[in-house]
Amino acid sequence: ESKDKVKKVLLLMGQHRSGSSVFTGMLEIFGAYLGRNIEMSPNKWNEKWYFENRDLYVINEKLLTLLRSSWDDCSEVNYDAISKEQREEQVKRIKSTIIQDVNNSETGLFVAKDPRISMLLPFYLEALKDTNIEVELMFTTRSDREIIDSLERRNKFNRSKTLKLIDKHERYAKENAKDMNITYHNFENLFYDTKKYFSQLNSMMNLNLNINEKTIK
């Protein structure tokens, strides 16, 4: 049972349109828990699901608003824009949500996927610092060209704006992680030996995934 398992949250960051939804969906197939409230419905841009936790999505959007920023803002984040009280409130909400979802996971693994976490990582790490939950960081990557093309089709972003967003997400993830390790996942890896790739990730990150012939099909 989950109480006998290592409690762990995988914070999955990355640039928008980098293939993180597909990757998260694969993790769910192998037994990862994505939360009680997954309501990001499919559309023509994601024919499956976005696989984002709705509770954390709402918190993330609130935090960005308080920081006077947004997911597609290329400017630097001013972490001083939020008051101490506002910060404490949102950190408390993150902590409560993750604890509940980790406890609901049969394997002890909960995956929180949202590209916004790159900018909001300080709030997440603060929320989890005094818990018995281990934290793993992962960042999904994809070729700049594919991300540029995808955001141009979906959001009408020009090449310059998308390159600035790519740089911002990668830079903030590294800076906010401080001395924590980040495991990088490239979208192309999903199209080779899926079983071998996820088995290696499972072993390297101790994710307690259920990878076998049945789940791999």
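Overview of the structure.

**With respect to the pairing of strand β1 (residues 8–14)**
And then number 1: A large share of β1 lies buried, amounting to 7 of its 7 residues.
And then number 2: The two faces of β1 match: K8, L10, L12 and G14 on one face and V9, L11 and M13 on the other face are all buried.
And then number 3: Bridging between β1 and strand β2 (residues 109–113) involves 5 bridges; their strand directions are parallel. When the sheet's bridge partners are listed, V9 is paired in β2 with F110.

**What about the sheet that holds β2?**
And then number 1: Taken together, the 4 strands give an open sheet; going across it, the order is β2-β1-β3-β4, and neighbouring strands pair in parallel fashion. Lying at the two open borders of the sheet, with one neighbouring strand each, are β2 and β4 (182–186). Across the sheet, the mean angle from the axis of one strand to that of its neighbour is 25°, orientation sign disregarded.
And then number 2: Sheet topology places β1 next to strand β3 (residues 134–141); 7 bridges connect them, and they run parallel. Bridged to K8 within β3 is E134.
And then number 3: Lying on the sheet, helix α7 (residues 194–205) is in contact with β1, β3 and β4; it crosses β4 at an angle near 175°.

**Some remarks on the pattern of salt bridges**
And then number 1: Here the structure, examined in full by the defined rule, presents 12 salt bridges.
And then number 2: Between R87 and E126 there is a salt bridge, with the nearest N and O atoms lying 2.8 Å from each other. One end of the pair, R87, is in helix α3 (residues 84–104); the other, E126, is in helix α4 (residues 117–128), and 39 residues separate them in sequence.
And then number 3: Here D149 ties to R145 by a salt bridge, and the two come within 2.7 Å at their closest N and O atoms. In this pair, D149 and R145 are both assigned in helix α5 (residues 144–155), 4 residues apart and thus about one turn of the helix distant.
And then number 4: Linked by salt bridges that have partners in common, K8, E134 and E136 make up one network.

**Some words on α7**
And then number 1: Across its 12 residues, α7 extends 16 Å between first and last C-alpha, which sits within 8% of the 16 Å expected from 1.5 Å per residue.
And then number 2: Here α7 has its buried residues at T194, Y197, F198, L201, N202 and M205. Burial along α7 is one-sided: seen end-on, the buried residues are contained in an arc of 135°. Seen from the buried face of α7, the exposed residues on the opposite side, beyond 90 degrees, are S203 and M204.
And then number 3: Among the residues trailing α7, N206 stands out with phi positive, at a value near 55°.

**Remarks on the environment of I94**
And then number 1: Note that I94 resides in helix α3.
And then number 2: Accessibility expressed as a relative area gives 0% for I94, which makes it buried.
And then number 3: For the pair I94 and R142, spaced 48 residues apart in sequence, the C-alpha to C-alpha distance is 28 Å.
And then number 4: Once you skip the residues sitting within four places of it in the chain, I94 turns out to touch I59, L63, F123, Y124 and A127.

**Some remarks on the nonpolar core**
And then number 1: The biggest cluster of nonpolar side chains holds 33 residues, and the ones touching the most others in it are V9, I98, L121 and Y124.
And then number 2: Mapped onto this core, the elements with two or more residues apiece are β1, α2 (54–66), α3, β2, α4, β3 and α6 (159–177).
And then number 3: Per-element accounting of this core gives the leading share, 9 residues, to α4.
And then number 4: If near-sequence neighbours (up to four positions away) are discounted, Y124 is found in contact with L11, L56, N60, I94, I98 and I117.

**Details of α4**
And then number 1: Between its first and last C-alpha atoms α4 spans 14 Å; for 12 residues at 1.5 Å apiece the expected length is 16 Å, and the helix comes up short by more than 12%.
And then number 2: The element α4 is largely enclosed, with a buried count of 10 among its 12 residues.
And then number 3: Considered for burial, the residues of α4 that qualify are I117, S118, M119, L120, L121, F123, Y124, L125, A127 and L128.
And then number 4: Against β1, α2, α3, β2, β3 and α6 lie the buried residues of α4.

Definitions and limits used
- Within every chain, residues take consecutive numbers counted from 1 along the sequence as written.
- Side-chain atom pairs in this predicted model are given and counted only at pLDDT of 80 or more, local residue features only at pLDDT of at least 70, and totals for whole chains, interfaces and linings cover all residues.
- To get the side-chain values, take all heavy atoms of the structure and skip hydrogens and water.
- Partly exposed residues are those whose accessible area sits between 20% and 50% of the maximum for their type, while under 20% is buried and over 50% is exposed, using a 1.4 Å probe and protein chains only.
- The way it works is that DSSP assigns letters per residue, a run of H or I at least four long becomes a helix, a run of E at least two long becomes a strand, and they are numbered from the N terminus.
- Paired strands are those between which DSSP finds at least two bridges.
- Structural elements are reduced to axes, namely lines fitted to C-alpha atoms, with helices fitted over the stretch in contact, and the angle between N-to-C directions of any two is expressed from 0 to 180 degrees.
- Only heavy atoms matter for contacts: two residues are in contact if any of them lie within 4.5 Å across the pair.
- The term salt bridge refers to a side-chain nitrogen of Lys or Arg lying within 4 Å of a carboxyl oxygen of Asp or Glu.
- Expected helix span is taken as 1.5 Å per residue step, with the number of steps being one fewer than the number of residues.
- By definition, the arc is the one covered by directions from the helix axis to the C-beta atoms.
- Among buried residues, those of type Ala, Val, Leu, Ile, Met, Phe, Trp, Tyr and Cys that are joined through side-chain atoms within 4.5 Å constitute a nonpolar core.

By themselves, these observations are geometric and do not establish any function.
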